[in-house]
Amino acid sequence: MKKRRIVLWIGDIIGCITAFCVFIIPFLFMLVNALKDRKAANKLSISLPEEFMWENFWEVIQTRNFQILTAFKNSALITLASLVVLIFLGSMAGYVIQRRSDRVVKIANICIMIGLMLPPAILPTIKLLQLTHLYKTFASIVIMEAVMELPFTIMLYRGFISTIPNELEEAACIDGCSRWGMFSKIIFPLLKPITATVIILNAVTIFNDFSTPLYFYPGADNATVQLTLYNFIGQFSSSYNLLFADVVLIVLPMLVLFIIFNRRIVSGMVAGSVKG
C-alpha cells in the first residue's frame with residue numbers, strides 16, 4: 001500500500017512537471033516577449049523585460065482599423081450560434097440513439113461514429129455551398145462548425161442519457177406526456193451537467209478553429225481571431241513582440257474559460273462514462 005502511494009505520488013509530480021513544461025512555459029515565453037521592445041523580443045529569450053511595454057497590446061488592437069475586435073465579434077457570434085445548434089441537435093440525437101435500438105438507429109449510429117474519424121472533404125463541400133448560395137455566409141460557417149463537432153457531442157449526450165433511468169419516462173408516459181414534452185420537460189433539464197461540458201469543450205474548439213473559417217468563411221470582414229494571427233504574420237514578421245501580443249490576446253479568453261470551468265468539464269465527462 002505504501003509503495004502504491006509512492007508510485008502515485010511520483011506519477012503526480014511527473015504529470016505536473018510535464019504539464020508545466022508543455023503548457024505553462026510556452027505561455028510565459030509568449031507573455032514576456034509580448035511585453036518587450038522589438039529588439040529584445042527578437043532574441044526569443046524567456047528573460048523578463050527591462051521595461052514592460054504594455055502599449056504593444058494596444059498597438060495590436062488598433063492595427064488594420066481594429067481588426068482584432070471585429071474578429072472577436074465574429075468568433076463569438078459563430079461560437080454562440082454553433083453551440084445552440086449543437087445542443088439542440090446533439091441532445092435530441094443522443095436521446096433517440098440511446099433509447100431506441102432498431103435498425104435505422106443502428107445505421108445512424110454507425111454513420112455518426114464514422115464522422116468522428118473521417119476528415120471533411122474541403123473542395124466538394126465548397127462546391128456544394130456555392131451551388132446552394134451559402135458559401136461565404138454566416139449560415140455556412142455555423143453549419144460547418146456544428147457538423148464538425150456534432151458526432152462528438154452526440155456521443156457525450158448518449159453516454160450521459162444512459163445514466164438516466166427509463167422509469168422516469170414510463171411514469172411520464174402513463175401520465176399522458178407526449179414524446180416532445182417528455183424530452184423537453186423531463187430529460188433535457190437533467191442534462192445540465194453534460195450540457196455545460198458540451199458548451200465549454202465546443203466553445204474552446206470552435207473559437208480557436210483556424211482551418212474551417214479559412215476555407216469556408218474567407219474575407220477581411222469575416223476574419224476570426226485565429227485568422228488575425230495568419231494575417232498579422234506578414235505584417236509583424238520582424239516584430240515578435242507584436243506577434244506574441246496578438247497570440248496572447250487570442251489565447252487568453254478561452255484559457256480563462258477553460259481554467260474556471262475545468263472541474264465542470266471533468267464532472268460532466270465522468271458522469272456519462274459509467275451507467276447506473
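Here is a short report on the structure shown in this document. (Residues numbered from 1 in each chain as written. Predicted model: local features only at pLDDT ≥ 70, side-chain atom pairs only at ≥ 80, totals over all residues. Heavy atoms only, no water.)

### Remarks on the overall build of the chain
- Helices and strands together make up the secondary structure of the chain, namely 13 helices and zero strands.
- The linear arrangement of helices and strands in the chain, starting from the amino end, is α-α-α-α-α-α-α-α-α-α-α-α-α.
- If one aligns the C-alpha atoms of the chain with their principal axes, the spans along those axes are about 75 × 65 × 30 Å.
- Looking at the 276 residues of the chain, the share that counts as buried comes to 37%.
- Relative to all contacts within the chain whose residues are 6 or more apart in sequence, the contacts with residues 24 or more apart total 73%.
- Of the roughly 16400 Å² of accessible surface on the chain, 69% is carried by carbon and sulfur atoms. (Helix = DSSP H or I, 4+ residues; strand = E, 2+ residues; numbered from the N terminus. Buried < 20%, exposed > 50% of the residue type's maximum accessible area, 1.4 Å probe, protein only. Contact = heavy atoms within 4.5 Å. Areas by Shrake-Rupley, 256 points an atom, 1.4 Å probe, with all protein chains shown as cover.)

### Here's the deal with the side chain of D246
- Position of D246 relative to the elements: it lies in helix α12 (residues 240–260).
- What D246 contacts, discounting residues up to four positions off in sequence, is V60, I68, T228, L229 and F232.

### Description of the packing of aromatic side chains
- Within this structure, the stated rule accounts for nine aromatic pairs.
- Ring geometry for W180 against F183: centres 6.2 Å apart, planes inclined by 35 degrees, an arrangement best described as tilted. Of this pair, W180 and F183 both sit in helix α8 (residues 179–187), three residues apart, which is roughly one turn of the helix.
- One aromatic cluster in this structure is built from Y95, W180, F183 and F188. (Phe/Tyr/Trp six-rings, centres within 6.5 Å; stacked < 30°, edge-to-face > 60°.)

### Overview of the environment of Y217
- Within the secondary structure, Y217 is located in the loop between α10 (211–216) and α11 (225–235).
- The exposure class assigned to Y217 is buried, which follows from its relative accessible area of 8%.
- When the C-alpha atoms of Y217 and K136 are compared, they prove to be 4.6 Å apart, with 81 residues separating the residues in sequence.
- If we skip the residues at most four places from it in the chain, Y217 touches I78, K136, T137, F138, I141, T212 and N222.

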